[in-house]
Amino acid sequence: VGVTVEGGVLVVAHIAGDLYATLVAPEGPVAPMRRVAQAPPATSAGTHGFVWLTATARTVNGHAGAIALGGTEDGEVVALSFDGQGERVGDPVLWQQHVGGSMQLLPLPAGADAAALLERPVRGATVTGEQAREQVLVRLTDTLEPSGEPARLGLGPYPTAASMRGSSLVLSQWAEGRGLAVSTLPVARGRLQVETPRLWTTRELDGA
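Residues numbered from 1 in each chain as written. Predicted model: local features only at pLDDT ≥ 70, side-chain atom pairs only at ≥ 80, totals over all residues. Heavy atoms only, no water.

Asks: Looking at this structure, how should I read the overall build of the chain?
Replies: A tally of helices and strands in the chain yields 0 helices and 17 strands. The C-alpha atoms of the chain give 18 Å as radius of gyration, which agrees with the globular expectation for 208 residues (17 Å, within 12%). Expressed as lengths along the three principal axes of its C-alpha atoms, the size of the chain is roughly 55 × 45 × 30 Å. A total of 208 residues make up the chain; the buried ones form 41% of that total. Contacts in the chain between residues far apart in sequence, at least 24 positions, make up 36% of those at least 6 positions apart. (Helix = DSSP H or I, 4+ residues; strand = E, 2+ residues; numbered from the N terminus. Rg over C-alpha atoms; globule rule 2.2 N^0.38 Å. Buried < 20%, exposed > 50% of the residue type's maximum accessible area, 1.4 Å probe, protein only. Contact = heavy atoms within 4.5 Å.)

Listed below in C-alpha cells is the structure:
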C-alpha cells in the first residue's frame, strides 16, 4: 500500500510474512525496503506471518505521516506509526485483543480519532453457503489500539470505498453485486458518528 506523507510516498509491503517499508521521494533514488515489523510466531494453524495490511495518512508528531495495521491468520494485529519522512515512530504495538477478519484504516481528517473497518463473522451463511460477515467500526486510541466495543454499520463483507466529503466520511460498497450501499458518517468533535446506510438496488436482495 502507498500513502502520501510529507517527504513523498511511503510504501508499506508484505514480504515473506513480515512488513517492510520505504519512502519514494519526488526525486532521487529510492532507498531499499527495510523491515518495520516482524511477524508474531507461527500460529496454531501452522501459518506464519501477516496475511493482511492496511495504511492511511495521519498526522504524526505534527507532520503529515501515516499509520498502518497488519494482521495474522490467528487474528493478531500489530499497529505502526510513521513520521513525515517515512521513518517508523516507536516500536510496533501488538494488540491484546484478537480480531476475526481483515481490517481497513479510514482516511479521517487531522484531529479526529483514528478508526478502521473490521470484517467480522456473524451468525448464519451467505446465499453461496459461506460464513456470513459484516463490516463494523473499530475506534482506535492514540496508541492505535481498539477503544470500546465495535459499532455495527449495516454494511456487508464487500470491498468498501472510503473518502472524506466536507465534514463527513462517505463509505460505499456494492451489495451482492446488485445494489449500492452508501453510508454518510459525520465527524463531530473529533469522533466518527454512525449512521444507517442507504441502499439502492435493481431487485430485491436475499437475506437480511
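Asks: Whenever I open this one, the sheet that holds strand β7 (residues 77–82) confuses me. Can you help?
Replies: Whenever strands of a sheet pair, they do so through backbone hydrogen bonds, lying parallel or antiparallel. Reading across the sheet, the 4 strands line up as β5-β6-β7-β8 and stay open at both edges, with antiparallel pairing between neighbours. With partners counted over all chains shown, the strands left at the sheet margins are β5 (50–60) and β8 (93–94), one partner each. (Pairing = 2+ DSSP bridges.)

Asks: Looking at this structure, I do not really get empty space enclosed by the protein. What am I missing?
Replies: The probe, sized like a water molecule, is rolled over the atoms to show the empty space still left. Inspection of the entire model under this criterion finds 1 cavity of 30 Å³ or more. Considering the residues around the largest cavity, the lining is formed by T56, A57, R58, I67, L105, L106, L108, A114 and A115. Top contributing element to the lining of the largest cavity by residue count: β5, with 3 residues. Counted by class, the lining of the largest cavity contains 7 nonpolar, 1 polar and 1 charged residues. (1 Å grid on protein atoms, 1.4 Å probe; cavity = no way out; pocket = protein on both sides within 12 Å on 5 of 7 lines; lining within 4 Å. Points joined across faces, edges and corners; volume = space filled by probe spheres on them. Nonpolar A, V, L, I, M, F, W, Y, C, P; charged D, E, K, R; others polar.)

Asks: Mind showing me how you'd approach the sheet that holds strand β11 (residues 131–140) here?
Replies: Taken in spatial order, the 4 strands of this open sheet run β9-β10-β11-β12, and their pairing is antiparallel. Each edge of the open sheet is held by one strand with a lone partner, namely β9 (103–105) and β12 (146–155). Here the strands of the sheet are splayed against their neighbours by 35° on average, with no regard to which way each runs. Here strand β10 (residues 115–125) runs beside β11; their pairing, made up of 8 bridges, is antiparallel. Within β11, the position partnered with L117 by the bridge is L137. (Axes fitted to C-alpha atoms, helices over the stretch in contact; angles between N-to-C directions.)

Interpretation in functional terms is not warranted from these geometric data alone.
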